[in-house]
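Letter by letter, the chains look like this.
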Amino acid sequence: MSVENVLKSIQENNIEWVDFRFVDLAGRAHHISLPASAVDADTFVNGVAFDGSSIQGFRGIEESDMVMMPDPESTYVDPFTAHPTLNVMCDIFTPDGERYERDPRSIAVKAEAFLKESGVGTAAFFAPESEFFIFDDVRYESGTNSSSYYVDSEEAAWNTNRKEEGGNLGFKVRTKGGYVPVAPVDTQQDIRSEMCRLLEEAGLSIERHHHEVATAGQAEINFRFDTLKKTADNLLVYKYIVHNTARQYGKVATFMPKPLFGDNGSGMHVHQSIFDGDSPLFYDKGGYANLSEMALHYIGGILYHAPALIALTNPSTNSFKRLVPGYEAPVNLVYSKGNRSAAVRIPVAAVTPKGCRIEFRTPDSTANPYLAFSAMLMAGLDGIKRKINPTELGYGPLDKNIYDLSDADKENIRSVPASLEEALDALAADHEFLTEGDVFTKEFIDNYINLKRDEAKAVAIRIHPHEYSLYFDC
């Protein structure tokens, strides 16, 4: 949409406020609202000023002035505000007109430009499957003398014996038994359908929704693929609408990877492919799973750099509570066709040449999508550039249920890092593929590692409630 059309839309929809948004390093959106009467063509040239020193990981107070530059291609009408509001995503610039190197959205722009300049293709397409939980009650604290959390859901397995006013109606979701049951076991058909309706109104093309494997309201909504930056924009819209629709229903949604112990966590499986114009570059009818040599090299790059990559695709301490064997978690760094126990799966059911793609199953939604998608693209392009053959490096293909293999059979299968600290160590040692073309700068990576190490330390030094069970009577 052009600036002219955005201004026209403001008039036609009787918009009262324009909400200018940007994303921080953690992937959380922030916003400043201006009266629609104050927004004109110059706003899209001069931008909107804000204080960068108040955003973690951005700038110091001595150089805090920053500018949001609105992107007219990213607008949609907010479905939740009482006063008609138009939301618009922004890039971040310094006051002297330079792109801010720590702006995640600008990194996505540079990654897309790098792909074109490499001569490999013209566009990379991404489609995340971002899972989430819908709870009825969430409580938590972390203090000097107490630390706890509590979540509840009307459909949770632990509530089969709960006394409720009017009686317990049963039909609870069994642990690991929540994959696509019908009502009355699935209690959240309507809330997911409403989320989809609002997502469609915001411009996303919805493919399907369903209950996921875990008990207590785990859900998934799939939306259609798009280019790297656009898909990252769409994922922010997706999370905003999921969170706020849940709130309207008196519930709460979370994309936290592992909110429940003993059941499946929430991942963000990321489908990806490269095109040259209208021509898909990952398809070859004679190749393994109909993959081209380029696609195999792309997989090689993903798996070779996976330990470092995971610092950006699984960037929370909670991420590694999900990445453990036994809960369908993709911890094995191998590739395979149609195999959900591998870190890289090649979908083979009902796939056309243009739909031929690879799926990296390890990421989760604590990732900043602009950073995660850019990092995956850079790893894949490095694999193409260096012709990294995943088979020669022992990354498969392994067309077996890896979870059922013996310990001896698993010996030569690489696993994901066991903690955020290990992933950050890997990123510190292996990041040159990210700095190609100045897509990620060394300064950005150092800053990112330092911030994430602080998070890991904050968790490590706190007392865990389970430690009382283990050690209080020593």
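Reading the values: the criteria
Residues numbered from 1 in each chain as written. Predicted model: local features only at pLDDT ≥ 70, side-chain atom pairs only at ≥ 80, totals over all residues. Heavy atoms only, no water. Buried < 20%, exposed > 50% of the residue type's maximum accessible area, 1.4 Å probe, protein only. Helix = DSSP H or I, 4+ residues; strand = E, 2+ residues; numbered from the N terminus. Arc of directions from axis to C-beta. Contact = heavy atoms within 4.5 Å. Polar contact = N/O pair within 3.5 Å; in protein donor to acceptor, adjacent residues only side chain to side chain. Domains from an automatic or database assignment. Buried area = accessible area lost by both parts, 1.4 Å probe. Salt bridge = Lys/Arg side-chain N within 4 Å of Asp/Glu carboxyl O. Nonpolar A, V, L, I, M, F, W, Y, C, P; charged D, E, K, R; others polar. Core = buried A, V, L, I, M, F, W, Y, C linked by side-chain atoms within 4.5 Å. Phe/Tyr/Trp six-rings, centres within 6.5 Å; stacked < 30°, edge-to-face > 60°. Pairing = 2+ DSSP bridges. Axes fitted to C-alpha atoms, helices over the stretch in contact; angles between N-to-C directions. Parallel < 35°, antiparallel > 145°, perpendicular 65-115°, else oblique. Left-handed = near helix turned anticlockwise from the far one by under 90°. UniProt positions renumbered as here; feature names shortened; annotations may be inferred.

Asks: Run through helix 1 (residues 3-12), naming residues and quoting values.
Replies: What helix 1 keeps buried is the set Val 6, Ser 9 and Ile 10. With its buried residues spanning 105° around the axis, helix 1 presents them on a single face. For helix 1, exposure combined with an orientation more than 90 degrees from the buried face picks out Glu 4, Gln 11 and Glu 12. Looking at the buried residues of helix 1, the elements they touch are strand 1 (17-23), helix 2 (43-46) and strand 6 (85-93). Where helix 1 terminates, the next one or two residues include Asn 14, which has phi positive at roughly 50°.

Asks: How would you summarise the environment of Asp 78 if you had to cite specific residues and measurements?
Replies: Checked against the element boundaries, Asp 78 lands in the loop between strand 5 (76-77) and strand 6. Those residues in contact with Asp 78 that lie beyond four places of it in its chain are Arg 21, Thr 85, Asn 87 and Tyr 240. Engagement of the side chain of Asp 78 in a polar contact is seen with the side chain of Arg 21, the distance being 3.3 Å.

Asks: Explain helix 11 (residues 420-429) residue by residue, including any values.
Replies: Along helix 11, the residues that are buried comprise Leu 420, Ala 423, Leu 424, Ala 426 and Leu 427. The buried residues of helix 11 occupy one face: seen down the axis, they fall within an arc of 155°. Residues of helix 11 that are buried make contact with helix 7 (306-313), helix 8 (319-322), helix 12 (432-435) and helix 13 (442-460).

Asks: Quick rundown of the domain arrangement of the protein? Include the residues and the values.
Replies: Partitioning the protein into domains gives domain 1 (3-100) and domain 2 (123-462). Taking the mean C-alpha position of each, domain 1 and domain 2 sit 29 Å from one another. Contact with domain 1, which involves 18 residues of that partner, is made by 19 residues of domain 2. Between domain 1 and domain 2 the total buried area reaches about 1500 Å² when both faces are included, carbon and sulfur atoms providing 64% of it. The three residues of domain 1 that bury the most area against domain 2 are Leu 25, Tyr 76 and Phe 80, which together make up 44% of that side's buried surface. Between the two partners, domain 1 and domain 2, sit one salt bridge. Asp 71 serves as the salt-bridge partner of Lys 229, at 3.6 Å between the closest nitrogen and oxygen. Our enumeration of links across domain 1 and domain 2 arrives at five residue pairs in polar contact (both at pLDDT 80 or more). When grouped by side-chain class, the residues that make up the side of domain 1 that touches domain 2 number eight nonpolar, five polar and five charged.

Asks: Please set out the nonpolar core residue by residue, giving values where relevant.
Replies: Of all hydrophobic cores here, the largest spans 118 residues; its most connected members are Phe 132, Tyr 238, Ile 274 and Leu 377. Taken domain by domain, this core gets at least three of its residues from each of domain 1 (3-100) and domain 2 (123-462). Once residues within four sequence positions are removed from consideration, Phe 132 is found in contact with Met 195, Gly 217, Gln 218, Ala 219, Glu 220, Ile 221, Tyr 238, Val 242, Ala 253, Thr 254, Phe 255 and Ser 266. Phe 133, Phe 135, Val 151 and Leu 260 belong to the second-largest nonpolar core, a separate cluster that totals seven residues.

Asks: Tell me about the packing of aromatic side chains, and name the residues and values.
Replies: Overall, the coordinates contain 17 aromatic pairs when judged by the stated rule. Between Phe 58 and Tyr 100 the ring centres are 5.4 Å apart and the planes differ by 75°, which places this aromatic pair in the edge-to-face class. With Phe 58 in the loop between strand 3 (48-51) and strand 4 (65-70) and Tyr 100 in the loop between strand 6 and helix 3 (104-118), the pair connects residues that are 42 residues apart, well separated along the chain. When the centroid spacing of 5.1 Å and the interplanar angle of 20° are considered together, the rings of Phe 126 and Phe 373 count as stacked. Separated by 247 residues along the polypeptide, Phe 126 in strand 7 (residues 123-135) and Phe 373 in helix 9 (residues 369-386) bring together distant segments of the chain.

Asks: An account of the pairing of strand 11 (residues 218-223) is needed here, citing residue identities and associated values.
Replies: With six of six residues buried, strand 11 is to be regarded as a mostly interior element. The alternating pattern of strand 11 places Gln 218, Glu 220 and Asn 222 on one face and Ala 219, Ile 221 and Phe 223 on the opposite face, and all of these are buried. Taken together, the three bridges between strand 7 and strand 11 define a ladder with antiparallel strand orientation. Opposite Phe 132, over in strand 11, you have Ala 219 as the bridge partner. Pairing of strand 10 (residues 206-211) with strand 11 involves five bridges; the strand directions are antiparallel. Of the residues in strand 11, the one forming a bridge with Ile 206 is Phe 223.

Asks: Go over the packing of helix 11 against helix 13, please, and point to the residues and values.
Replies: Packed helices, taken two at a time, are described by the angle their axes make and the gap between the axes. Relative to each other, helix 11 and helix 13 sit at 165°, their axes nearing to 10 Å. Classified by the interaxial angle, the pair formed by helix 11 and helix 13 is roughly antiparallel. Between helix 11 and helix 13 lies a crossing of left-handed hand. For the pair formed by helix 11 and helix 13, the contact residues are Leu 420, Glu 421, Leu 424, Asp 425, Leu 427 and Ala 428 on the first element and Ile 445, Tyr 448, Ile 449, Lys 452, Arg 453 and Ala 456 on the second.

Asks: Please give an account of the UniProt feature "binding site: ATP" (unreviewed entry) in the protein that cites residues and values.
Replies: In the UniProt entry, the feature "binding site: ATP" (unreviewed entry) is given for Glu 207, Phe 223, Arg 224, Phe 225, His 271, Gln 272, Ser 273, Arg 340 and Lys 354. For Arg 224, the position within the fold is in the loop between strand 11 and strand 12 (226-227). The class for Arg 224 is partly exposed, based on a relative accessible area of 42%. The residues touching Arg 224, leaving out its near neighbours within four places in the chain, are Ser 205 and Glu 207. By secondary structure assignment, the location of Gln 272 is in strand 14 (residues 268-276). Once residues lying within four places of it in the same chain are set aside, the contact partners of Gln 272 are Phe 125, Phe 126, Phe 282, Tyr 298, Ile 302, Arg 357, Ile 358, Phe 360 and Met 376. Reaching out from Gln 272, the side chain makes a polar contact with the backbone oxygen of Val 270 at a distance of 3.2 Å.

Asks: Please give an account of unusual backbone geometry that cites residues and values.
Replies: Of note, the bond from Ala 183 into Pro 184 is cis; its omega dihedral lies within 30 degrees of zero at 10°. As for its position among the elements, Pro 184 is in the loop between strand 9 (147-152) and helix 4 (189-201). Of note, the bond from Gly 396 into Pro 397 is cis; its omega dihedral lies within 30 degrees of zero at 5°. Looking at the element boundaries, Pro 397 is found in the loop between helix 9 and helix 10 (407-410). Within the chain, Asn 14 stands out as a residue other than glycine whose phi angle is a positive 50°. Mapped onto the elements, Asn 14 comes out in the loop between helix 1 and strand 1. Given a relative accessible area of 58%, Asn 14 falls into the exposed group. Despite not being glycine, Val 180 has its phi angle at roughly 50°, a positive value. Note on placement: Val 180 falls in the loop between strand 9 and helix 4. Residue classification places Val 180 among the partly exposed positions, given a relative accessible area of 42%.

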